[in-house]
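The residues making up each chain are set out below.
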Amino acid sequence: MAIALPRGTPLDDLRFANSFAALGDGFSERRMPAGIPGARLVAFSPAAAALIDLRPGEEQSPEFAALASGNALVAGMEPVAALYGGHQFGVWAGQLGDGRALLLGEVAGEAGPWELQLKGGGVTAFSRFADGRAVVRSTIREFLASEAMHHLGVPTTRALAMAAGDEPVLRERVERAATVIRMAPSFVRFGSFEIFHYRKQHAELRTLADYVIDRFYPECGAGDERYARFFTAVVERTAALMARWQAVGFAHGVMNTDNFSILGLTLDYGPYGFLETYEPGFICNHSDEAGRYAFDRQPTIGLWNCYALAEALSSLIAKGELEAGLARFEPVYRATFMALLRAKLGLATQRDDDADLGLEAFRLLAARRIDWTNFWRALSHSDAAATALLGADESSRSWFAAYAARVAAEPGDDAARRAGMRATNPKYVLRNWVAQEAIEACEAGDDSVVHALYDVVRAPFDEHAEREAWTQQAPAKYAGLSVSCSS
Ligand code: AMP
Ligand code: MG
């Protein structure tokens, strides 16, 4: 008789490697976490846990809560804080580094390694004058946004779990300490290369490049040509990521080079915001007074960051090759964005004037201050539903006429086409005011709103009839809500 064995690996049996730590002291600092005493597990992502084959149910153990709150490690972990630098708001800021994050170790997943990183586990050699902590507010925002973005189909770091405690932490007000365990194949950033370039540590720069290429860009081959191929691949991934942000309406808020992943992942969820009203110049970060990172500047800044990376790699790659790599940004951005736009419009075929159809829709949405997510979702139901949002005046009617004419050239029936659109245009994004609702409940000891919101953002294309309110813009209570770099 066959006995069904429980699936997955118990927490204690996870096997950890520490390849980044093995690069040596020049790349990171060994450091044990300072956990948050008595912290409780607030949220857990089964989808992220499946990536490391963690056995379902392990999250209920005290050991897991202890890990998530930085109070315990699993055998085999060798925590380190990574060194990196970065350009912040366009200015070289010198050394930064993991001031409150610790790389705990990496687990071999089916499709490659997953690093576990604890954020909020106390000071490191790179904390400068800050406290090494994260707060409930920023941690909920990171947990939910990471998982939301993944389920929206945007490359991103993941979040395994978050914990919250009572320890007071001073920000603009006194808040409570919290931690999140993030996951990514690697947390190496553009700024990880920049620091070695500006310090003229060319040997370390090459070691880091080889490390990243060997593990994540094996298609770049061997020999010195690998570096130019690698750079080109990073530019292409970054361009594609920017296109995805624009299509889903995600504003990152702090696109400093230390927050740009070498793997083309969305990294570091701080004062981000999903578009509500379609406002091309939307600035989500209250601290970004000049609007350097405004929504419509994101692709340009993504390219700017690639230039910064090119400079950092200039000891490895010839100028002409760097320029050739940079030249890939625009075509990849355009092609990816157009593919996403056609999907939003429900177009399976390509026509040259599709961009014009999209641009005219953007113009109307901006002029009328229509909700980005809700418009595309309404269009995924019917033209009538979208007209109800956009209005039935002359220019609106003329857009719908052009759209109908374009759609008439599409194969297949309209119902199937619209169903496809509903699998691409989400009903739910993580609106800041909704996150705020979850944060306030959690701060008052009630984690159920975080859980309910997590259930919605992990199925953003589904209808959640009981959560219709979360598709709406902020009610009066949250109308003036602003988010800043403070986290
Ligand atoms: P961020 O704006 O979160 O990307 O952080 C920029 C830099 O400041 C990074 O080097 C962080 O590690 C560091 N940092 C941010 N907040 C803290 C904190 N509370 N304690 C220590 N370092 C921090
Ligand atoms: Mg950062």
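Residues numbered from 1 in each chain as written. Chains lettered and ligands numbered in written order. Predicted model: local features only at pLDDT ≥ 70, side-chain atom pairs only at ≥ 80, totals over all residues. Heavy atoms only, no water.

Enquirer: Could you clarify how one ought to interpret the pairing of strand β7 (residues 101-109) in this entry?
Expert: Each regular strand displays side chains that alternate between the two surfaces of the sheet. Counting buried positions along β7 gives eight out of nine residues, so the element sits mostly inside the fold. By the bridge criterion, two bridges tie strand β1 (residues 16-17) to β7 in an arrangement that is antiparallel. When the sheet's bridge partners are listed, Ala17 is paired in β7 with Glu106. In this structure, β7 lies alongside strand β8 (residues 112-119), joined through eight bridges in antiparallel fashion. Bridge pairing in β8 places Gly105 opposite Leu116. (Buried < 20%, exposed > 50% of the residue type's maximum accessible area, 1.4 Å probe, protein only. Helix = DSSP H or I, 4+ residues; strand = E, 2+ residues; numbered from the N terminus. Pairing = 2+ DSSP bridges.)

Enquirer: Can you walk me through the coordination of the magnesium ion (ligand 2) in this structure?
Expert: A metal bound by six donors in octahedral fashion has ideal angles of 90 or 180 degrees, whereas one bound by four tetrahedral donors has an ideal angle of 109.5 degrees. Taken together, Asn259 (OD1) and Asp268 (OD) make up the full set of protein donors to the magnesium ion (ligand 2), lying 1.9 to 2.1 Å away. Residue Asn259 shares its accessibility class with Asp268, and that shared class is buried. (Donors = N, O, S within 2.8 Å, 3.2 Å for Na, K, Ca; no water.)

Enquirer: Explain the site of ligand 1 to me, please; I cannot follow it from the model alone.
Expert: Among the 15 residues in the neighbourhood of ligand 1, the closest are listed as Gly97, Gly99, Arg128, Asp131 and Gly132. A distance of 3.0 Å separates an oxygen atom of ligand 1 from a polar side-chain atom of Arg128. The separation between an oxygen atom of ligand 1 and a polar side-chain atom of Asp268 is 3.2 Å. If ligand 1 stood free it would expose 490 Å²; the protein chains cover 82% of that surface. (Near = heavy atom within 4 Å. Polar contact = N/O pair within 3.5 Å; in protein donor to acceptor, adjacent residues only side chain to side chain. Areas by Shrake-Rupley, 256 points an atom, 1.4 Å probe, with all protein chains shown as cover.)

Enquirer: What is the right way to read the domain arrangement of the protein chain from this model?
Expert: Interface size is commonly expressed as the accessible area that is lost once the parts come together. The domains assigned to the protein chain are domain 1 (3-184) and domain 2 (347-422). Using C-alpha coordinates to define each centre, domain 1 is positioned 41 Å away from domain 2. (Domains from an automatic or database assignment.)

Enquirer: Which parts of the structure should I look at to understand the nonpolar core?
Expert: Soluble, globular proteins show a tendency: their nonpolar side chains are buried together. Core analysis: the largest hydrophobic core is formed by 157 residues, its most contacted members being Leu160 and Phe193. At 14 residues, the largest contribution of residues to this core is made by helix α6 (residues 225-248). In contact with Leu160, other than residues within four places in its own chain, are Ala43, Phe44, Ser45, Ala48, Ala49, Ile52, Phe64, Leu116, Phe143, Ile181 and Met183. (Core = buried A, V, L, I, M, F, W, Y, C linked by side-chain atoms within 4.5 Å. Contact = heavy atoms within 4.5 Å.)

Enquirer: Honestly, the pattern of salt bridges in this entry has me stumped. Any pointers?
Expert: Should the charged atoms of two oppositely charged side chains come close, the side chains can pair. With the rule as written, the count across this model stands at 39 salt bridges. In this structure, the salt-bridge partner of Arg182 is Asp268, at a minimum N-O distance of 2.7 Å. Taken as a pair, Arg182 in strand β11 (residues 174-184) and Asp268 in the loop between β12 (250-251) and β13 (273-274) lie far apart in primary sequence, 86 residues in all. The same class applies to Arg182 as to Asp268, namely buried. Notably, a salt bridge pairs Arg334 with Glu330, separated by 3.3 Å at the nearest N-O pair. (Salt bridge = Lys/Arg side-chain N within 4 Å of Asp/Glu carboxyl O.)

Enquirer: Help me understand the state of the cysteines, please; the structure alone is not making it clear to me.
Expert: One way to say it: the disulfide is the covalent bond shared by the sulfur atoms of two cysteines. Throughout the structure, instances matching the rule amount to zero disulfides. Cysteine Cys220 is unpaired, with the sulfur of Cys306 as its nearest cysteine sulfur at 14 Å. A relative accessible area of 3% means that Cys220 is categorised as buried. (Disulfide = S-S within 2.5 Å.)

Enquirer: Looking at this structure, how should I read the packing of aromatic side chains?
Expert: Think of a pair of aromatic rings as described by two things: how far the centres are apart, and how the planes are tilted against each other in angle. Taken as a whole and judged by the stated rule, the model has 28 aromatic pairs. A centroid spacing of 5.6 Å and a plane angle of 70° characterise the contact between Trp372 and Trp376, whose relative ring orientation is edge-to-face. Here the residue Trp372 and the residue Trp376 both occupy positions in helix α11 (residues 372-379), the gap between them amounting to four residues, near one helical turn. Grouping residues by exposure puts Trp372 and Trp376 together as buried. Following the ring pairs from residue to residue traces out a cluster consisting of Tyr278, Phe329, Tyr333, Phe337, Phe362, Trp372, Phe375, Trp376, Trp399, Phe400 and Tyr403. (Phe/Tyr/Trp six-rings, centres within 6.5 Å; stacked < 30°, edge-to-face > 60°.)

Enquirer: Help me understand unusual backbone geometry, please; the structure alone is not making it clear to me.
Expert: With the exception of glycine, most residues fall at negative phi, and the peptide bonds are largely trans. If you check the backbone angles, Lys200 has positive phi at about 55° while not being a glycine. Mapped onto the elements, Lys200 comes out in the loop between α4 (190-198) and α5 (202-216). Judged by its relative accessible area of 65%, Lys200 is exposed. Not every positive phi belongs to a glycine, and Arg369 is a case in point at roughly 55°. Its place among the elements puts Arg369 in the loop between α10 (354-368) and α11. For Arg369, a relative accessible area of 49% translates into the label partly exposed.

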